[in-house]
Amino acid sequence: MAKWWKIKRELNRLGRQIGHIPVVIYEVFLAARYYDYILSRDRQIFDGQQMPSSKSAIYLIFPQFGVLKSHVRTLRYLIDKGRSVTVVCNAPISPEDREMLLHHCERLIQRPNFGYDFGGYRDGILAYQARLAEMDQLILLNDSVWFPITDDIDWLDQVDQLDRDMVGAVSNYGIDSQPAEKFRDLEFDYRTERKGFHYCSFALAFSSNVLRDRSFLRFWKWFPLSNDKRKTIRRGELGLSAWALRKGYSHASTLNVTNLHAKLADLDTERLLQVATNLMIPEDIQLSKLKKQLLPVLETLSREELISFILTGVTRQGTGYALPEFTVIEEKFPFLKKSPLWLHPEASRISLSILERLKTPASKEALEEAKEYLQPKLRTSAKP
């Protein structure tokens, strides 16, 4: 006969699972409707001065410190590249900021911050739905990154040259993660078929083939909105990528991660050591502990061990977060994530170092913003 404590444990577990069912049902079937019929009453839509274009962009911003110079830089880049822009604002802004934005966009949507970036993207896409099927291209961008932070690469030119149905700036998790301490056993075999593979949502491009697909619009109309960040990532980034792959659309990222091992192997040992030293791990406790142990002895590791350590960071943290020392400095990748500035002291130091070394007009601008607005958040939100 089963012991009572085991029965009690299983009953408690079942109770917790049942308790979650209403939340799941609400998010999957009702959250979007709740936003559309209730929360959207507080949404405001303004016409901007830009004319519509067959190539358009949705630029999602969360201007908690007001509309900054870097926001305007991104908008000017998009305009210079012939894209008409819908700006979606997930935070209140001043009337002055609103008027300034209207000079740089086709449309401005001010909305309640519900559903993170995918909630904002959804409003932008639904605003385009009447002409979505006639559009040649749609870009999704958000201000979780500084863009364009480098001058060497024109991202939209790269997108056009790839000529794929779905293009991301970078992809994540095309290789299975593993325990940090087993980094020496890593076998780098990057494949889009792996569970969890996705293109990062901070920069995505869709061709006319996708935009004409009615199921693309349905994906957004019925997207299960949530204010849970992990759920939004799973249903949004992973869900959208899985939808595109399942439909058989061609896809690629402008930063090629599949040959990352070979790219790192081409670095001289001194530079490889620097990339390993500046591996950015803002949210992985296990990997942070390993890095702390390895830093004093990095120079004793073989080149292959260094590469395996770096690639383990990629498998666990994602290329966009983990490798700006390589992607931005070596590959001239025009995107730099902002959140490491307040997530972890060491990640903040590395980010500032990269901005200082870039010496582009955009990096100087970003450095000022980082020191004035983002670094102060570190004191209250990050743990050493």
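Summarised in this report is the structure supplied together with it. Because the structure is predicted, anything quoted here is derived from the model rather than measured.

**Structural notes on the overall build of the protein chain**
Next, step 1: Along its length, the protein chain carries 17 helices and 12 strands.
Next, step 2: Computed over C-alpha atoms, the radius of gyration of the protein chain comes to 22 Å, within 12% of the 21 Å expected from 2.2 N^0.38 for 384 residues, which places it in the range of a compact globule.
Next, step 3: The proportion of buried residues among the 384 residues of the protein chain is 55%.
Next, step 4: Across the protein chain, every contact between residues at least 6 apart in sequence was considered, and the portion connecting residues at least 24 apart equals 78%.
Next, step 5: Entry remark: accessible area of the protein chain is about 18,300 Å², with carbon and sulfur atoms responsible for 52%.
Next, step 6: Of the charged side chains in the protein chain, 55 are positive and 48 negative, and the gap between their average positions amounts to 8 Å.

**Brief notes about the environment of Gln158**
Next, step 1: Tracing the backbone through its elements, the reader meets Gln158 in helix α5 (residues 155-162).
Next, step 2: Residue classification places Gln158 among the partly exposed positions, given a relative accessible area of 22%.
Next, step 3: Each C-alpha atom, one on Gln158 and one on Ala130, is 28 Å from the other, the two residues being 28 residues apart in sequence.

**Topic: the pattern of salt bridges**
Next, step 1: As enumerated under the stated definition, the model contains 22 salt bridges in all.
Next, step 2: Ionic pairing is found between Lys263 and Glu331, a salt bridge with its closest N-O pair at 2.9 Å. Here Lys263 is found in helix α9 (residues 260-265), whereas its partner Glu331 is found in the loop between α14 (324-327) and β12 (336-337), with 68 residues between them in sequence.
Next, step 3: Across the salt bridge formed by Asp284 and Arg316, the nearest N and O atoms sit 2.8 Å from each other. In this pair, Asp284 is assigned in the loop between α10 (269-277) and α11 (285-294) and Arg316 in helix α12 (residues 303-317), connecting sequence segments 32 residues apart.
Next, step 4: One network of salt bridges, in which partners are shared, links Asp176, Asp189, Arg191 and Arg194.

**So, the sheet that holds strand β3 (residues 84-89)**
Next, step 1: Spatially, β1-β4-β3-β2-β5-β10-β7-β11 is the arrangement adopted by the 8 strands of the open sheet, whose pairing is mixed. The strands lining the two open edges of the sheet, one partner per strand, are β1 (44-47) and β11 (251-253). Shown here is a sheet whose adjacent strand axes are inclined to one another by a mean of 15°, direction ignored.
Next, step 2: Lying over the sheet, helix α2 (residues 69-80) contacts β2 (55-61), β3 and β5 (137-142), oriented at roughly 170° with respect to β2.

**Quick look at the pairing of strand β4 (residues 107-110)**
Next, step 1: Neither face of β4 is open: one carries Arg107 and Ile109, the other Leu108 and Gln110, and all of them are buried.
Next, step 2: As paired elements, β3 and β4 share 4 bridges and run parallel to each other. Each residue of the ladder has a partner; that of Thr86, found in β4, is Arg107.
Next, step 3: Since β3 and β4 lie parallel, the crossover through helix α3 (residues 95-102) that links them has a hand, and here it is right-handed.

**As for the side chain of Thr360**
Next, step 1: Residue position: Thr360 is located in the loop between α16 (345-358) and α17 (361-381).
Next, step 2: Filtering out sequence-adjacent residues up to four positions away, Thr360 remains in contact with Ile149, Thr150 and Asp151.

**Comments concerning the packing of aromatic side chains**
Next, step 1: Overall, the coordinates contain 23 aromatic pairs when judged by the stated rule.
Next, step 2: Measuring from centroid to centroid gives 5.4 Å for Phe118 and Trp220, while their planes differ by 10°, and the two rings are stacked. Residue Phe118 is located in helix α4 (residues 116-127), and its partner Trp220 is located in helix α7 (residues 214-221); the two are separated by 102 residues in the primary sequence. For the pair formed by Phe118 and Trp220, the shared burial category is buried.
Next, step 3: Taking the centre distance of 5.2 Å and the plane angle of 50° together, the rings of Phe333 and Phe335 count as tilted. Here Phe333 matches Phe335 in class, with each residue buried.
Next, step 4: By the ring-pair criterion, three or more aromatic residues cluster together here, those being Phe118, Tyr121, Phe206, Phe216, Phe219, Trp220, Phe223, Trp243 and Tyr249.
Next, step 5: Above the plane of the ring of Tyr128 lies Arg107, whose end atom (NZ or CZ) is 5.0 Å from the centre.
Next, step 6: When the ring centre of Trp342 is taken as reference, the NZ or CZ atom of Lys377 above it lies at 3.6 Å.

Each value, and the rule that gives it
- Residues numbered from 1 in each chain as written.
- Predicted model: local features only at pLDDT ≥ 70, side-chain atom pairs only at ≥ 80, totals over all residues.
- Heavy atoms only, no water.
- Helix = DSSP H or I, 4+ residues; strand = E, 2+ residues; numbered from the N terminus.
- Rg over C-alpha atoms; globule rule 2.2 N^0.38 Å.
- Buried < 20%, exposed > 50% of the residue type's maximum accessible area, 1.4 Å probe, protein only.
- Contact = heavy atoms within 4.5 Å.
- Areas by Shrake-Rupley, 256 points an atom, 1.4 Å probe, with all protein chains shown as cover.
- Lys, Arg positive; Asp, Glu negative; His and termini not counted.
- Charge placed at Lys NZ, Arg CZ, Asp CG, Glu CD.
- Salt bridge = Lys/Arg side-chain N within 4 Å of Asp/Glu carboxyl O.
- Pairing = 2+ DSSP bridges.
- Axes fitted to C-alpha atoms, helices over the stretch in contact; angles between N-to-C directions.
- Right-handed = clockwise from strand over helix to strand, strands pointing away.
- Phe/Tyr/Trp six-rings, centres within 6.5 Å; stacked < 30°, edge-to-face > 60°.
- Lys NZ or Arg CZ within 6 Å of the ring centre and 35° of its normal.

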